[in-house]
Amino acid sequence: QVQLIESGGGLVQAGGSLRLSCAASGPIPSSYIMGWFRQAPEKEREFVAAITWSSGITYYTDSVKARFTISRDNAKNTVYLQMNSLKPEDTAVYYCALDWSRRVSYSPTAYESWGQGTQVTVSS
């Protein structure tokens, strides 16, 4: 099965930056979507951003659109999430996920494979 390995989480001050990485391995389909979700304590898992692997079309939730950038490196099968101007409300466990689909979904139930999650903590 597909494996997703994340890295890059940590503790930062408000206004700081982090770059998350997610490397995929295994039987990856030819057409798919990679997304980032986050989950804060006692909250539902929330869509953050997604990118289509073939064309590189990106999608963002409104709260991060001006601050976060999702990108991909096809040769490395890796997706990145550059997070700038971080706010305390960005604090959450961040997960990368893969969807074997042609259409982007904002629901976590549409994604078949998940990383282990990486903690992002933004202090005031």
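Located above this text is the structure these notes cover.
Thresholds, definitions, all that
- Per-chain numbering applies: the sequence of each chain, read as written, is numbered from 1 onward.
- With pLDDT at 70 or above as the cut-off, local features in this predicted model cover only qualifying residues; side-chain atom pairs require 80 or more to be listed or tallied, and sums for whole chains, interfaces and linings still use all residues.
- Note that the side-chain values use all heavy atoms of the structure and ignore hydrogens as well as water.
- Only DSSP runs of H or I reaching four residues or more are called helices, and only runs of E reaching two or more are called strands; each is numbered from the N terminus.
- Summary of the burial criterion: residues with accessible area below 20% of their type's maximum are buried, those above 50% are exposed, and those between are partly exposed, where the area comes from a 1.4 Å probe applied to protein chains only.
- Only heavy atoms matter for contacts: two residues are in contact if any of them lie within 4.5 Å across the pair.
- Two cysteine sulfur atoms make up a disulfide if the distance between them is within 2.5 Å.
- One speaks of a salt bridge when a side-chain nitrogen belonging to Lys or Arg is within 4 Å of a carboxyl oxygen belonging to Asp or Glu.
- Strand pairing is assigned whenever DSSP identifies at least 2 bridges connecting the two strands.
- The term nonpolar core refers to a set of buried residues drawn from Ala, Val, Leu, Ile, Met, Phe, Trp, Tyr and Cys, joined through side-chain atoms within 4.5 Å.
- Axis definition: a line fitted to C-alpha atoms, over the contacting stretch in the case of helices. Angles run 0 to 180 degrees between N-to-C directions.

Student: Go over the side chain of Thr-78, please, and point to the residues and values.
Tutor: Within the secondary structure, Thr-78 sits in strand S8 (residues 78-83). Judged by relative accessible area, Thr-78 falls into the buried class, the value being 8%. Excluding residues within four positions of it along the chain, Thr-78 makes contact with Ser-21, Cys-22, Ala-23, Trp-53, Ser-71, Arg-72 and Asp-73.

Student: Explain the state of the cysteines to me, and be specific about the residues and the numbers.
Tutor: Under the defined criterion, the tally for this structure stands at one disulfide. Covalent S-S linkage joins Cys-22 and Cys-96, the inter-sulfur distance amounting to 1.9 Å. On the S-S bond that ties Cys-22 to Cys-96, the torsion sits near 55°, and the link is right-handed. Placement of the pair is Cys-22 in strand S3 (residues 18-25) and Cys-96 in strand S9 (residues 92-99), with a sequence separation of 74 residues. A relative accessible area of 0% places Cys-22 in the buried class. Residue class for Cys-96 comes out buried when judged on its relative accessible area of 0%.

Student: Summarise the pattern of salt bridges; cite the residues concerned and give the values.
Tutor: One pass over the structure, following the stated rule, counts three salt bridges. Its salt-bridge partner being Arg-38, residue Glu-46 comes within 3.0 Å of it at the nearest N-O pair. Owing to a relative accessible area of 31%, Glu-46 belongs among the partly exposed residues under this scheme. A relative accessible area of 6% places Arg-38 in the buried class. Note that Arg-38 and Asp-90 form a salt bridge whose closest N and O atoms lie 2.9 Å from each other.

Student: For the pairing of strand S1 (residues 3-7), give the residues involved together with the corresponding values.
Tutor: Where burial is concerned, the two faces of S1 differ: the one with Leu-4 and Glu-6 is buried and the one with Gln-3, Ile-5 and Ser-7 is not. Sheet analysis places S1 next to S3, joined by five bridges and oriented antiparallel. For Gln-3, the partnering residue across the bridge sits in S3 and is Ser-25.

Student: Report on the nonpolar core, specifying residues and quantitative values.
Tutor: Counting 28 residues, the largest nonpolar core has Met-34, Trp-36, Leu-81, Met-83 and Tyr-94 as its most contacted members. Secondary structure elements with two or more residues in this core: S3, strand S4 (33-39), strand S5 (46-52), strand S7 (68-73), S8, S9 and strand S11 (118-123). With near-sequence residues (within four places) excluded, Met-83 lies in contact with Gly-16, Ser-17, Leu-18, Leu-20, Arg-67, Phe-68, Tyr-94 and Val-120. Counting residues in hydrophobic clusters, the runner-up holds seven residues, among them Phe-37, Phe-47, Ala-97 and Tyr-111.

Student: Would you mind going over the sheet that holds S8 in detail, with residue names and values included?
Tutor: In space, the four strands of this open sheet follow the order S1-S3-S8-S7, with antiparallel pairing throughout. At either margin of the open sheet sits one strand with a lone partner, and together these are S1 and S7. In this sheet, adjacent strand axes meet at a mean angle of 15° when their direction is disregarded.

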